[in-house]
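Below, each chain spelled out in residue letters.
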Amino acid sequence: MVNLTYAAQLLPLLLLSPTSTKSSANKNSVVLANGFSATHLNLRPSFLPRGGSLDTKKSVLSSSNSAVEADIGPALEVISQNNWDLLSDRGKAALSRLILYDMSNGNDGQKHVYGDWPEAGVEDEEKRMLAEQIADLDGSYPGGLPAYLSKAKTLLKESADGTNPFEEFEASVPEGESLSFEEPNANPHTGMTFTEAEQAGLTGIGDTVFVLVAGGLGERLGYSGIKLSLETNLCTNKCYLEVYAKYIQAMQRMAHLKTGKDHIRIPLVIMTSGGTDPLTRQLLKDNNNFGFDEGQVIIVKQDKVCALKDGNAGLSMKSKWEIETKPHGHGDVHHLLYREGLVDKWYNEGKKHVIFLQDTNALVINSVLPTLGVSIAKGFHMNSICIPRLAGEAAGAIARLEHKTDPEKSLVINVEYNQLDPLLSSQGDCKGDVADPSTGYSPYPGNANNIVIEMGAYARTLNGEDQGVVIEFVNPKYKDETRTEFKKPTRLECMMQDIPKLFQKEMGSEANIGFTMFDRWFTFSPAKNSLEAGVEDVGKGGTAPGTMSSAESDKYIQNQRKLKFAGVDINVTEEKDLVPIAGIPVTPGPRVILCPGFAITQKEVVEKIEGGKVTDRSTLVLEGEGLKVKNLDLDGALVIRTGHDCDVTVDGLVVRNKGYDLSEVPEGSDVPEEVAIRGYTMNKNEAMEIIITEPGKYHIGADGEVKRLE
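Residues numbered from 1 in each chain as written. Predicted model: local features only at pLDDT ≥ 70, side-chain atom pairs only at ≥ 80, totals over all residues. Heavy atoms only, no water.

A. Layout of the overall build of the protein. In terms of regular secondary structure, the protein is built from 23 helices and 36 strands. The contacts in the protein between residues at least 6 apart in sequence include a share of 71% that link residues at least 24 apart. Approximately 28,400 Å² of the protein is accessible, and the part contributed by carbon and sulfur atoms is 49%. (Helix = DSSP H or I, 4+ residues; strand = E, 2+ residues; numbered from the N terminus. Contact = heavy atoms within 4.5 Å. Areas by Shrake-Rupley, 256 points an atom, 1.4 Å probe, with all protein chains shown as cover.)

Take a look at the structure:
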């Protein structure tokens with residue numbers, strides 16, 4: 001029998017139902033629910049790392065072991081004493097919790113995991129390994145496996161019922177700002193021009209922290225390595241992580257100049273997963289941390305969660321002795337920062353904002369400074385970087401959800417595209433997710449999933465009841481309309497952008513959440529799809545294939561527009577000008593890379609570039625904080641790199657050479673993955689390269705001769 005004293009202590013905990021919301025009725029419904037917290041469960045104050053407690057003397061997990069060991073009756077009803085004796089203390093504790101969870105719910109939902117074990121002496125090591133895995137999974141989720149499974153059962157039932165998560169809300173367009181790099185006039189809401197927003201951001205950039213969410217491998221791109229190691233372009237061959245690193249270091253340098261405080265360091269946190277962690281660490285090691293100081297880069301690793309095989313939240317088994325696991329989602333980042341004590345540390349150090357970036361959208365880094373400037377000017381606690389969104393586009397939108405009866409429950413949050421149309425179809429004119437006739441875009445801004453959060457509000461929210469555990473959802477793929485069996489195992493998932501639910505819970509109407517919208521060409525071109533998927537999308541009329549080749553092309557186009565804005569005679573590639581290479585429309589040129597060490601703000605671009613002309617077949621790479629380029633006449637390839645404390649003026653330089661061009665890879669060719677995902681290689685036929693590293697003042701004239709002036 002179950003020991004009644006022990007069961008009575010745990011039953012209230014195990015029978016707790018998570019506060020939940022409901023999903024729109026469709027075959028593959030997404031259902032949301034609030035997370036459990038340590039307060040709810042009264043067992044774990046936070047996530048515990050894989051392998052158990054950080055401190056066995058102080059942890060709740062270790063203190064609960066003795067209670068479990070004192071009463072093993074429930075477990076011994078299904079596991080023999082001899083088998084039980086094979087297991088470690090932590091394995092026994094976690095397995096006891098799982099068995100008691102089943103018994104307290106009056107079912108055998110997980111008996112396939114722990115029942116029918118062969119007698120001791122047969123597959124003993126496998127039994128130990130399974131118990132240790134159960135302990136790992138139990139210890140890495142707030143409240144352990146009982147909380148995870150209880151929550152999953154509720155969400156899966158609501159998914160099967162097709163209930164609506166927004167039944168008590170009405171959507172409206174939230175307050176936000178819109179800035180355009182090419183618009184010289186002030187925004188009517190903020191009274192700020194683009195460059196004024198950038199300069200306002202510069203006043204606060206030294207008090208920021210960057211967090212890079214990088215838990216995914218490049219499998220969807222057709223690449224087996226980590227996405228951060230992918231080359232952003234073939235002109236410089238710099239990977240995503242290096243590009244982000246150099247931008248942060250350029251911002252740090254500008255903070256030094258702005259404040260006169262050379263000791264300022266901007267930390268970078270990288271969230272990894274089991275698959276990306278060793279490769280990320282190796283990438284940093286192989287490249288001397290890309291210029292960061294020792295200790296300036298912090299890595300936090302997220303854990304996987306159990307896969308679920310059916311609507312009763314049965315654990316999916318990879319084999320008889322191994323539970324299948326799946327990624328939990330980038331929403332883990334908030335709790336990981338809380339668990340590691342980083343947010344309180346930063347707050348106490350006087351840091352003011354946290355900036356969250358995704359791993360393969362190199363364009364968005366340009367939006368950080370003006371978004372930070374808007375956050376400072378408007379006092380936003382959270383500010384999402386957004387883009388104009390096409391109606392019906394498969395991208396989330398930022399919306400204000402007005403609660404029909406309780407204004408304190410209203411909030412500004414991301415609404416996924418498959419939920420937005422049903423929501424809008426149930427209110428107002430009931431037209432659904434349609435375009436605004438005056439703009440051609442949805443009135444709801446598209447979410448680029450890059451966020452600026454004010455540190456004080458963030459610390460207050462993470463120190464609240466849920467400790468950064470954001471709302472979770474399930475998205476099972478059902479075999480048929482009965483909605484009882486899955487095509488493949490599912491799991492609970494969470495998203496970084498759902499943190500506003502916790503802001504609303506902890507701060508109520510005090511939470512000030514908004515967005516800042518930029519042109520798509522300036523901010524958004526992620527690399528997320530394989531070449532084959534991109535070609536298929538283009539074949540269906542899509543204009544944003546999301547491949548490595550389209551991301552690279554859009555980077556060149558972005559810099560074309562910056563040079564045009566600065567007064568250079570240069571053609572900017574429009575959609576009609578794109579040429580297909582390996583089935584993906586890309587710019588025919590010019591290919592322009594303005595490295596972060598050259599310019600990261602509009603003001604720098606305008607001050608460092610004056611006049612000149614660049615032909616369509618040209619390639620231009622500029623790097624160096626003290627570099628100025630005037631009246632350049634370029635027909636070919638030119639690369640200029642200058643070091644720190646090098647004051648270099650290029651005036652009237654004329655370049656004529658064979659330059660660079662692209663060669664499409666023949667179909668079926670045996671080429672490395674990094675080539676195959678683009679479908680082309682770059683032929684660097686001929687270029688003028690000017691490299692200056694020795695500090696001093698230099699002048700370069702029409703003939704390209706470098707003259708030292710002092």
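Once the structure has been displayed, the description carries forward.
B. Structural context of the sheet that holds strand 23 (residues 591-594). Strands sit in the order 23-26-29-34 across an open sheet of four strands; the sheet is parallel. Looking at the sheet topology across the chains shown, the edges are occupied by strand 23 and strand 34 (688-692). In this sheet, adjacent strand axes meet at a mean angle of 5° when their direction is disregarded. As paired strands, strand 23 and strand 26 (residues 619-623) are joined by four bridges and run parallel to one another. Its bridge partner being in strand 26, R591 is matched across the sheet by T619. Relative to strand 23, helix 21 (residues 548-565) is tilted by about 75°, and along the sheet it contacts strand 23 and strand 26. (Pairing = 2+ DSSP bridges. Axes fitted to C-alpha atoms, helices over the stretch in contact; angles between N-to-C directions.)

C. Spatial organisation of helix 9 (residues 144-161). Over its 18 residues, helix 9 runs 26 Å from end to end, which matches the ideal 26 Å to within 8%, given 1.5 Å per residue. Across the 18 residues that make up helix 9, a large majority, 14, are buried. (Expected span 1.5 Å × (residues − 1). Buried < 20%, exposed > 50% of the residue type's maximum accessible area, 1.4 Å probe, protein only.)

D. Highlighting the pairing of strand 6 (residues 297-301). In this structure, strand 5 (residues 268-272) lies alongside strand 6, joined through five bridges in parallel fashion. Residue pairing for strand 6: T272 is matched across the bridge by K301. Following the chain from strand 5 across helix 12 (residues 277-286) to the adjacent parallel strand 6, one finds a crossover that is right-handed. (Right-handed = clockwise from strand over helix to strand, strands pointing away.)

E. Spatial organisation of the confidence of the model for the protein. In this model, the protein carries an average pLDDT of 87, and 90% of its residues clear a pLDDT of 70 or more. Scored below 50 in pLDDT, residues 1-70 makes 185 contacts in the model with residues more than four places away or belonging to other chains. (pLDDT = per-residue confidence, 0-100.)

F. Region of interest: the sheet that holds strand 25 (residues 613-614). Across the sheet, three strands lie side by side as 25-28-31; this open sheet has parallel pairing. Both outer strands of the open sheet, strand 25 and strand 31 (654-656), are each paired with one neighbouring strand and no more. When strand 25 meets strand 28 (residues 633-635), the two strands line up parallel, connected through two bridges. Considered in strand 28, the bridge of V614 is made with L634.

G. Fine view of the packing of helix 8 (residues 124-139) against helix 9. Two elements in contact, helix 8 and helix 9, have axes separated by 6 Å at closest approach and are oriented at 70°. As the angle between them shows, helix 8 and helix 9 are arranged roughly perpendicular. Across the interface between the two elements, I134, L137 and D138 of helix 8 pack against G144, L145 and P146 of helix 9. Considered class by class, the residues forming the contact of helix 8 with helix 9 number four nonpolar, one polar and one charged. (Parallel < 35°, antiparallel > 145°, perpendicular 65-115°, else oblique. Nonpolar A, V, L, I, M, F, W, Y, C, P; charged D, E, K, R; others polar.)

H. The environment of T681, seen in detail. Within the secondary structure, T681 sits in strand 33 (residues 680-686). For T681, a relative accessible area of 29% translates into the label partly exposed. The sequence separation of T681 and L234 amounts to 447 residues, and the corresponding C-alpha distance is 8.0 Å. Apart from residues lying up to four places away in sequence, T681 is in contact with L234, D661, L662, S663, V665 and V675.

I. Spotlight on unusual backbone geometry. Across the junction of G589 and P590, the peptide omega takes the value 0°, indicating a cis bond. Even without being glycine, N237 reaches a positive phi, approximately 60°. Positionally, N237 belongs in the loop between strand 4 (208-213) and helix 11 (240-259). Here A313, not a glycine, exhibits a phi torsion of approximately 60°, which is positive. In this fold, A313 is placed in the loop between strand 8 (308-310) and strand 9 (317-319).

J. Representation of the packing of aromatic side chains. Within this structure, the stated rule accounts for 13 aromatic pairs. On the numbers, 5.2 Å between centres and 80° between planes, the contact of Y141 with Y148 is edge-to-face. Neither residue differs from the other here; Y141 and Y148 are each classed as buried. Seen from their ring centres, F181 and F194 are 5.3 Å apart, and the 70° between their planes marks the pair as edge-to-face. Placement of F181 in the loop between strand 3 (176-178) and helix 10 (194-204) and of F194 in helix 10 is noted, with a sequence separation of 13 residues between them. When its relative accessible area of 3% is taken as the criterion, F181 is described as buried. The residue whose ring lies beneath K320 is W321, and the NZ or CZ to ring-centre distance is 5.0 Å. Cation over ring: K608 sits above F598, and NZ or CZ is 5.4 Å from the ring centre. (Phe/Tyr/Trp six-rings, centres within 6.5 Å; stacked < 30°, edge-to-face > 60°. Lys NZ or Arg CZ within 6 Å of the ring centre and 35° of its normal.)

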